[in-house]
Structure formats: C-alpha cells, structure tokens
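The chain contents come next:
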Amino acid sequence: MSVLLTCVASPSQASDKLIPPKLPVTPYWSVDLGGAASAPPAAADDRIYVALKSAYFTARAVADGHELWRIPKDVVVAPVAAGGLVFVAAGDAIEALRGSDGASAWTVPRVKAVAPLFAEADWLFAVTDAELLAMRASDGQVVWRHAAGGVRLAPVVDGDRVYLGANDGRVLALTLATGDVVWQKYVTGGVTAMAAHRGHVYAGAGDKQLYCLDGRNGALRWSYRVGAIVVGRISVDDERVYFGALDNVVRGLDRSSGNQRWKQPLNRRPIAGAYAAGHVLFVPTSALELVMLYDANGLPSGTIALPGEMTPDLPPDVSEKKTGLEIVAITGGLTNIWQLTFIGPAGELPVTPFSAMEAMPGPAYLTDPVLQPIGQVLGTLLLDDPLLQPMEEMGWPVVLKDPPLEPLTTLPGLQLRPLSPVLPVRRGG
C-alpha cells in the first residue's frame, strides 16, 4: 500500500510572511483623445468624462471607450461626477450636466473655481480665489459661503466637518451644515497635500513634514519629518496613512502614532501621491506604468503598463466598485499622443467544453500523451471532481495507481477550463 504525505506550513509560519497580493486587474482598452486633456478624468456609473484643451467636454462609455457625446465647454479644473450628474467649472460658472446627454441641469453663475471640485453625499464644494462655496448637488442651491483666500487644494470632508488647506499654511475646519469656523491652525511653509479620516486631519507642509491634527480642536497629534515635500493624494485607512514625496519614496505611517511602518523607494518620481484600494496602493509615476505596492509592508505588487506617461496635473481616477477596482488614466506626456485607458477587474475565464477547445493557453496543444502521470500532463487544466464511490463498493486495501498510458483524445462528461493566471491571496494559514 502506498502512503501519500503532504507537508503544510503551520498557521503561525504562514502568517509571518505577508505576501503582496496580485490583483486581478488588466487594461481593457485605450482610445485616442485627439488632443491634450485640460483636467483629470472623472468616472461614475457607465460614463467617463474628459475635458479637452480644445474647449470640448466629452463623455465616453466604460465598456469600450467610444464617445457618447461632446459639447463645447472650456473646463480647466478637475470635474466630479455623482448621482447621474457631472459637475464642471467652465468660464465663470459652476454647472451640473446630465450624464446621459450632457444637457445642463443647473448653473451657478459668477463663480470661477481655482481648485478641483469636490462632491460628498448631496454636497458640492467649489473653491474660488476668495471663498469656499457649499452647494446642494441636486439643484445648485448655494447653502453657505466662507472666505478662504489662497486655497488651491480641493476641500476634504470627514463626518460633520469640512477642512481646507491654504498656501499660507492655514488649516481651517468648518461645520459642514453651516460653514461656521470650528478651529484654525497653521503649518510652516504652506499646505501641499491634505486628507482627513475618522477624526484626524493630515497635512503635508512646505517644511517637509507631515502633520496630524485632531479634527475636533486642531491640536497637534503627531508630526513626521519626511525630508521632502509631500505631493498628491494622501490615502488613509483604519491602520495607516500613505503618501508619496519628492524624494521618490512612498511611505506608510501608523495612523494613530505617526510611527513609520514601511517605506519603499521608487526608481521614478511619484507624481500624484498614493491611491489606496483593495489592500494595494496605486502610485502614478513618470514612467510608462502604474506602480502597485502592498499596503501592509510596501513591497512591490506588480505594475500596470500604460501606453504613455501620466503627468502631475492629470492624476488617475481610482475607485472600488461592486464588480472590482476600476482605474481611468490619461497619458501623453512628452509624446503628445493623448490617450484614455480603462483598467478593470480581470474576471474569470468562461468554462469551455473540452470538445469545443481548439487551442490551449500557454504550451501548444499536445496530440500525443507524455509518459508522465496525467495530473502532470494536464498541469494547466482543471478537471471536475471524479464520481463518488460508495464505501461498501470499495475494495481493500485501497491501491492508488496511474491511469493507463493511452492517447488522450477525449474526456467524456468532463468540463475543463484554463486556470486563472492570478494566484488567490492567502491570508494567515
């Protein structure tokens, strides 16, 4: 009787090694924009919205990138989409357009935005040279205004507070409902990047530090000396805060204490910060790729090839949907060949009957068997489970042996499908 022994690592040994997950995402399509973009893309539902320097605003289908509509509209700051509408700042007005056809839903005149628009629930925020406007996203009604000169970053919202960061170093906390001032603090050298999460406010400053302030009263919780300017997106989850800086390093700090948990040097400059989604950080760089890092330890988790270079003023749109991660990127850079690329979940390959298969993925199809056990010969295939045999019909002793070496021409009653090229993420043991 033959005995088969299997060695399995103990749960404690397996949990000691945090293996970077390989997300099943892949580029679906890239389309030529026909000219340079003037603002980052915005994606919502089945639409992707792109503003062009030729003073046109367009909507494209998520499915294949074909253009759905195009209207004359000179958009120069990042739009935002939500609730079937896309909000744009064009000329001296804020306007809501219907995503279905680009028709105007409402307009707020005499408002010239200088920072990306920001939407949260039924709120829409616009920053001008002199003030912050809070509007109802559904109808454009201006609910309140507050003086806020020198702001060039989009506001951030956390709970019942809205926070602003200014070039002179002011960090301002306002009540979401009324715009009343809750507190005001200063950081040295101006605010270069900003985020807020669960009662903490994070501000990158011109003195090359990252500050964490208490969202209730502005008190300093901790500061971390980066040694370089923090730029672009600061991402925060329940454990860590992630950011990129001009020293070409991405860092992960403990959210509560500011202690460094990891740092990952890059061979290219991170141009737009770090976007956290699906336990992976997506880091736009000046190369022809989107870098992915594992959020637990900063180790590389692969790259996504792009048809061109991204630029600092055109960061990607990264979002988590029920169907998986979706990334929209505009590339062009020095080539001046501007393209829109959609990256989405890879998904599972369909199950194909063996009789209908004409070619095999990977190695060429073998017409003659190899003199090896069948499990090794069909290493790239997954076969259904064998028929269950009642115990009373089994003989004793049980003898395991290889099947007879006969030409493989058909497998009646079996379904085969290619194995996914992406290994599942193993957590713990």
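What counts and how
- Residues numbered from 1 in each chain as written.
- Predicted model: local features only at pLDDT ≥ 70, side-chain atom pairs only at ≥ 80, totals over all residues.
- Heavy atoms only, no water.
- Helix = DSSP H or I, 4+ residues; strand = E, 2+ residues; numbered from the N terminus.
- Buried < 20%, exposed > 50% of the residue type's maximum accessible area, 1.4 Å probe, protein only.
- Contact = heavy atoms within 4.5 Å.
- Areas by Shrake-Rupley, 256 points an atom, 1.4 Å probe, with all protein chains shown as cover.
- Pairing = 2+ DSSP bridges.
- Axes fitted to C-alpha atoms, helices over the stretch in contact; angles between N-to-C directions.
- Polar contact = N/O pair within 3.5 Å; in protein donor to acceptor, adjacent residues only side chain to side chain.
- Salt bridge = Lys/Arg side-chain N within 4 Å of Asp/Glu carboxyl O.
- Core = buried A, V, L, I, M, F, W, Y, C linked by side-chain atoms within 4.5 Å.

### Regarding the overall build of the protein
Okay, so step 1: The secondary structure content of the protein amounts to two helices and 35 strands.
Okay, so step 2: When burial is assessed residue by residue, the protein has 47% of its 429 residues classed as buried.
Okay, so step 3: Once local pairs closer than 6 in sequence are excluded, the contacts in the protein between residues at least 24 apart make up 42%.
Okay, so step 4: Summed over its atoms, the accessible surface of the protein is roughly 22,000 Å², and 54% of this surface lies on carbon and sulfur atoms.

### Looking at the sheet that holds strand β27 (residues 280-284)
Okay, so step 1: The four strands are arranged β26-β27-β28-β29 in an open sheet whose pairing can be described as antiparallel. Sheet topology places β26 (275-277) and β29 (300-305) at the edges, where each strand pairs with a single neighbour. The mean angle between the axes of side-by-side strands here comes to 25°, regardless of whether they run parallel or antiparallel.

### A look at the pairing of strand β5 (residues 67-72)
Looking along a regular strand, one sees side chains alternate from face to face of the sheet.
Okay, so step 1: Judged from the five bridges that link them, strand β4 (residues 56-61) and β5 form a sheet pairing that is antiparallel. Bridge assignment links Y56 to a residue of β5, and that residue is P72.
Okay, so step 2: Hairpin connection of β4 to β5: five residues between the antiparallel strands, including G65 at a positive phi of 85°.

### Topic: the environment of D122
Okay, so step 1: Inspection of the secondary structure assignment puts D122 in the loop between β10 (118-120) and β11 (123-127).
Okay, so step 2: Residue class for D122 comes out partly exposed when judged on its relative accessible area of 36%.
Okay, so step 3: The sequence separation of D122 and A137 amounts to 15 residues, and the corresponding C-alpha distance is 5.0 Å.
Okay, so step 4: When neighbours within four sequence positions are excluded, D122 is seen to be in contact with M135, R136, A137 and S138.
Okay, so step 5: A distance of 3.1 Å separates the side chain of D122 from the backbone nitrogen of S138, its partner in a polar contact.

### A short note on the pattern of salt bridges
Okay, so step 1: Evaluation of the coordinates by the stated rule reveals 17 salt bridges.
Okay, so step 2: Across the pair R221 and D214 runs a salt bridge, and its minimum N-O distance is 3.8 Å.
Okay, so step 3: Since its relative accessible area comes to 41%, R221 is described here as partly exposed.
Okay, so step 4: Given the relative accessible area of 5%, D214 is considered buried.
Okay, so step 5: The partner of E326 in a salt bridge is K321, with the nearest N and O atoms 3.1 Å apart.
Okay, so step 6: Counted as one network, the salt bridges with shared partners bring together R60, E67 and R70.

### Some remarks on the nonpolar core
Okay, so step 1: If you look at the biggest cluster of nonpolar residues, it comprises 18 residues, and the most contacted ones within it are F87, I94, W106, L117, L124 and M135.
Okay, so step 2: Sorting the residues of this core by element identifies β7 (85-90), β8 (93-98), β9 (104-109), β11 and β12 (131-136) as the ones contributing at least two each.
Okay, so step 3: When residues in this core are grouped by element, the largest group, three residues, is from β7.
Okay, so step 4: Residues V280, L290, M292 and I304 belong to the second largest nonpolar core, which totals 17 residues.

### A word on unusual backbone geometry
Okay, so step 1: Backbone geometry places D45, a non-glycine residue, at a positive phi of 55°.
Okay, so step 2: By secondary structure assignment, the location of D45 is in the loop between β2 (42-44) and β3 (47-52).
Okay, so step 3: Positioned with a positive phi, N248 is a non-glycine residue whose angle comes to about 65°.
Okay, so step 4: Since its relative accessible area comes to 22%, N248 is described here as partly exposed.

### Concerning the environment of W144
Okay, so step 1: Positionally, W144 belongs in strand β13 (residues 142-147).
Okay, so step 2: Through-space distance from the C-alpha of W144 to that of L176 is 9.6 Å; in sequence the pair is 32 residues apart.
Okay, so step 3: A polar contact is formed between the side chain of W144 and the backbone oxygen of L176, at a distance of 3.0 Å.

### Quick notes on the side chain of R240
Okay, so step 1: Secondary-structure assignment places R240 in strand β23 (residues 240-245).
Okay, so step 2: Here Y242 takes part through its side chain, which lies 3.0 Å from a polar atom of the side chain of R240.
Okay, so step 3: Residue contacts for R240: discarding those within four places in its chain leaves S235, L253, R255, R261, W262, D295 and A296.

So far we have only geometry, and geometry alone does not tell us how the molecule works.
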